[in-house]
Amino acid sequence: MQNDLSNILIDPARRGFMRQASVMSLGALAAVSLAHANPAAAAAMKSGISKSDQGDIAVLNTALALEYQAIAAYQVGAESNLLQKPVLGVAVKFQSQHRAHADILSTTVKKLGGTPVEALAVSGYGFPVEKLKNQADVLRFAAGLEHGAALAYLGAVPVFHNRELAKAAASILGDETMHWSVLLNALGEDPVPAAFIG
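Here is what the cut-offs are and how they apply
- Residues numbered from 1 in each chain as written.
- Predicted model: local features only at pLDDT ≥ 70, side-chain atom pairs only at ≥ 80, totals over all residues.
- Heavy atoms only, no water.
- Helix = DSSP H or I, 4+ residues; strand = E, 2+ residues; numbered from the N terminus.
- Buried < 20%, exposed > 50% of the residue type's maximum accessible area, 1.4 Å probe, protein only.
- Axes fitted to C-alpha atoms, helices over the stretch in contact; angles between N-to-C directions.
- Parallel < 35°, antiparallel > 145°, perpendicular 65-115°, else oblique.
- Left-handed = near helix turned anticlockwise from the far one by under 90°.
- Contact = heavy atoms within 4.5 Å.
- Phe/Tyr/Trp six-rings, centres within 6.5 Å; stacked < 30°, edge-to-face > 60°.
- Salt bridge = Lys/Arg side-chain N within 4 Å of Asp/Glu carboxyl O.
- Expected span 1.5 Å × (residues − 1).
- Core = buried A, V, L, I, M, F, W, Y, C linked by side-chain atoms within 4.5 Å.
- Nonpolar A, V, L, I, M, F, W, Y, C, P; charged D, E, K, R; others polar.

What follows is about unusual backbone geometry. Backbone geometry at Asn-81 places phi at a positive 60 degrees, although glycine is not the residue there. Counting through the fold element by element, Asn-81 comes out in the loop between α3 (51-79) and α4 (85-111). For Asn-81, a relative accessible area of 72% corresponds to the exposed category.

What follows is the structure, given as structure tokens:
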């Protein structure tokens, strides 16, 4: 990975057993769903790629698709003319971080012998643009996506066969969670609403 991720530790004792089990199931479901819906993932399964790498590629491609969605969402927010200058700057910064996530995920899929999923056109995501009437609407929309992304990475971490990929996903999970917290704070809401994300 681009960053030194060797010092990232995951402490499963900090999560409730039932929550961890349900999130793991969501991550596995996402990986299986992608393999069936994505021709590139299906092709990887037919190639000489090991089953463990096939599973990791499927999870990486699911994460990559989520990153593309976030990039597109921040583009919608930036072009809405609803964000004040300081908030717009933060949104653009978050978008650039999602681009960095997407770049490393795409590169990793290729290194494993897979084909990265491609981004959709912004219109392909079906964002509720008509409901974005003011800055708070845009922030709430972005916060919901960031929360969903954090949960997706939480589900992905235990699913990876390659533990280095799990560490990388945990690193991105931390970034997604910080985005969510900053957006909640900007909305005047509790930026750390609970001891655990869920």
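Next, the rest of the story.
Our focus in this paragraph is the packing of α3 against α4. Closest axis-to-axis distance for the α3/α4 pair is 9 Å, and the angle between their directions is 155 degrees. What the angle tells us is that α3 and α4 run roughly antiparallel. Where α3 crosses over α4, the handedness of that crossing is left-handed. Residues Ile-57, Leu-60, Asn-61, Ala-63, Leu-64, Glu-67, Tyr-68, Ala-70, Ile-71, Tyr-74, Gln-75 and Ala-78 of α3 pack against Leu-88, Ala-91, Phe-94, Gln-95, His-98, Arg-99, His-101, Ala-102, Leu-105, Ser-106, Thr-108 and Val-109 of α4.

What follows deals with the packing of aromatic side chains. Counted according to the given criterion, the structure contains three aromatic pairs. Their ring planes at 80 degrees and their centres at 6.2 Å tell us that Tyr-74 and Phe-94 sit as a pair that is edge-to-face. Note that Tyr-74 is positioned in helix α3 and Phe-94 in helix α4, a separation of 20 residues in sequence. On the basis of relative accessible area, Tyr-74 is assigned to the buried category, the value being 7%. On the accessibility criterion, Phe-94 (6% relative accessible area) is buried. An aromatic cluster of three or more residues is present, and its members are Tyr-125, Phe-127 and Phe-141.

Proximity of charged atoms lets side chains of opposite charge pair with each other. Applying the stated criterion across every chain, the model contains two salt bridges. The residue Glu-189 makes a salt bridge to Arg-140 at a minimum N-O spacing of 3.2 Å. On the criterion of sequence distance, the pair formed by Glu-189 in the segment after α6 (163-186) and Arg-140 in helix α5 (residues 135-156) is long-range, its members being 49 residues apart. Owing to a relative accessible area of 33%, Glu-189 belongs among the partly exposed residues under this scheme. Take Arg-140: its relative accessible area is 44%, and that puts it in the partly exposed class. One salt bridge in this structure joins Glu-164 and Lys-167, with 3.2 Å as the shortest N-O distance. One end of the pair, Glu-164, and the other, Lys-167, are both in helix α6, three residues apart, so they sit about a helical turn from each other. For Glu-164, a relative accessible area of 43% gives the class partly exposed.

On to α3. With 29 residues, α3 should cover 42 Å at 1.5 Å per step; its first-to-last C-alpha distance of 42 Å lies within 8% of that length. Positive phi appears at Asn-81, one or two residues downstream of α3, with a value of about 60 degrees.

Counting residues in each nonpolar core, the largest one holds 46 residues, and the members touching the most others are Leu-60, Tyr-68, Leu-105, Phe-127, Tyr-153, Phe-160 and Leu-183. Of all the secondary structure elements, the ones that give two or more residues to this core are α3, α4, α5 and α6. In terms of residue count, the dominant contributor to this core is α3 (11 residues). For Tyr-68, the contacting residues outside a window of four places in its chain are Ala-102, Val-117, Glu-118, Ala-119 and Tyr-125.

It is worth spelling out the packing of α4 against α5 at this point. Put simply, α4 and α5 touch, their axes get as near as 12 Å, and they point 25 degrees apart. Our classification of the angle between α4 and α5 gives roughly parallel. Relative to α5, α4 is oriented so that their crossing is left-handed. Contacts between α4 and α5 involve Val-87, Phe-94, His-98 and Leu-105 from the former and Gln-135, Leu-139, Glu-146 and Tyr-153 from the latter. When grouped by side-chain class, the residues that make up the contact of α4 with α5 number five nonpolar, two polar and one charged.

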